[in-house]
Every structure is written in C-alpha cells, then in structure tokens.
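In case you want the letters, here they are:
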Amino acid sequence: MPLPELDSSVGHSFGLEFDSVLIRQITEVSGLKMEQDVIELKQNTADGKYAIKKLPGRPKAGEVTVTRGLTEDNSFEQWIKDSRFGKMTNARRNGSIIVYDYEGIPIKRYKLINAWPKSLEISTLKAGDTSVLTEKLAITYESVEVD
C-alpha cells in the first residue's frame, strides 16, 4: 500500500523473516544501513589546476541488531549455533526485515543478503526485577536491498 504524497510512515511493528519463517515479535531494529566506500580521484584539469573528485566505491558489508522479548522460540539460538560450529552453509542465509504499519500491512522490506548471526545477548537477569527479558541478535550481512 503506497503512502499518500508528502506523508511519512510510522514504524508500528517489525518482523524478521528467514527461510520463510516469520518472527513478528521484534521490538527494535538498530544499525540497518547501506554504505559504500568513497574513492578520491586527484587530478589536474585541462587548465593545469589541481582538482579532487569523489567517486562511489565498493559497497560495504553491514551489521544490524534486532531485539525481541524472550520467548520459548529457539530459532535465534539454533541459528547462532550453526555459525559457531562452522556450518556456514546452514548459517549464511538471505532474509528480510519487514516494517509494518498500524494495520499490520508491510510497507517496507529490507532484504539482507548472505546474513549470519554474530552474537546473541540476553538482557540482565536480576532477581525481583519486573522488566521484560530480551534477546538481542547481531546479524552481519554482505549487502542490503530495499523493496
């Protein structure tokens, strides 16, 4: 569903999809960016003046962190276990981070190419604390495409 002209979007909820498995309980996504190197071309112009021109270089790999409340689902643990034991054919996957609007309709999809989990962090366990326990999964990727 396209947004009306001059309207902006509010990211109401997020999802993570890998191998047709959708996890919709994502509460935070951070570090998602597309970046590339900058090449400086230093040269003399036709009239003999020194000039610097900036050119686009190679795309850079990235890293994104997704956070969700702790659940019985062990898909994060299984995925990181594959990468820890060198099973990179199982660990390296293509997937997407999906942004939903307030009606639950996908409005943007960020495809992560050749992604694998770098780390899994569980929030602080503290006796008597009433805060929600979370899992933070750091995912590295080779490139990102936007749909």
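Summarised in this report is the structure supplied together with it. (Residues numbered from 1 in each chain as written. Predicted model: local features only at pLDDT ≥ 70, side-chain atom pairs only at ≥ 80, totals over all residues. Heavy atoms only, no water.)

Bringing the nonpolar core into the picture now. A general feature of soluble globular proteins is that nonpolar side chains tend to end up buried together. Judged by nonpolar contacts, the single largest core of 18 residues is most densely connected at L16, F18, I26, V66, F76, L112 and I139. Secondary-structure elements contributing two or more residues to this core are strand 1 (13-18), strand 2 (21-30), strand 5 (62-69), helix 1 (75-84), strand 6 (93-100), strand 7 (106-122) and strand 8 (134-141). With near-sequence residues (within four places) excluded, L16 lies in contact with V21, L22, I23, I26, V66, F76, S96, I97 and I139. (Core = buried A, V, L, I, M, F, W, Y, C linked by side-chain atoms within 4.5 Å. Buried < 20%, exposed > 50% of the residue type's maximum accessible area, 1.4 Å probe, protein only. Helix = DSSP H or I, 4+ residues; strand = E, 2+ residues; numbered from the N terminus. Contact = heavy atoms within 4.5 Å.)

Right, let's get into the packing of aromatic side chains. Across all of its chains, the model carries one aromatic pair by this definition. With 4.7 Å between their ring centres and 50° between their planes, F18 and W79 make a pair best called tilted. With a gap of 61 residues between them, F18 in strand 1 and W79 in helix 1 connect regions that are remote in the sequence. Per residue, the accessibility class of F18 equals that of W79, and both read buried. When the ring centre of Y100 is taken as reference, the NZ or CZ atom of R24 above it lies at 3.8 Å. We note R84 situated over the ring of F85; from NZ or CZ to the ring centre the distance is 5.9 Å. (Phe/Tyr/Trp six-rings, centres within 6.5 Å; stacked < 30°, edge-to-face > 60°. Lys NZ or Arg CZ within 6 Å of the ring centre and 35° of its normal.)

All we've got here are geometric facts, nothing functional implied.
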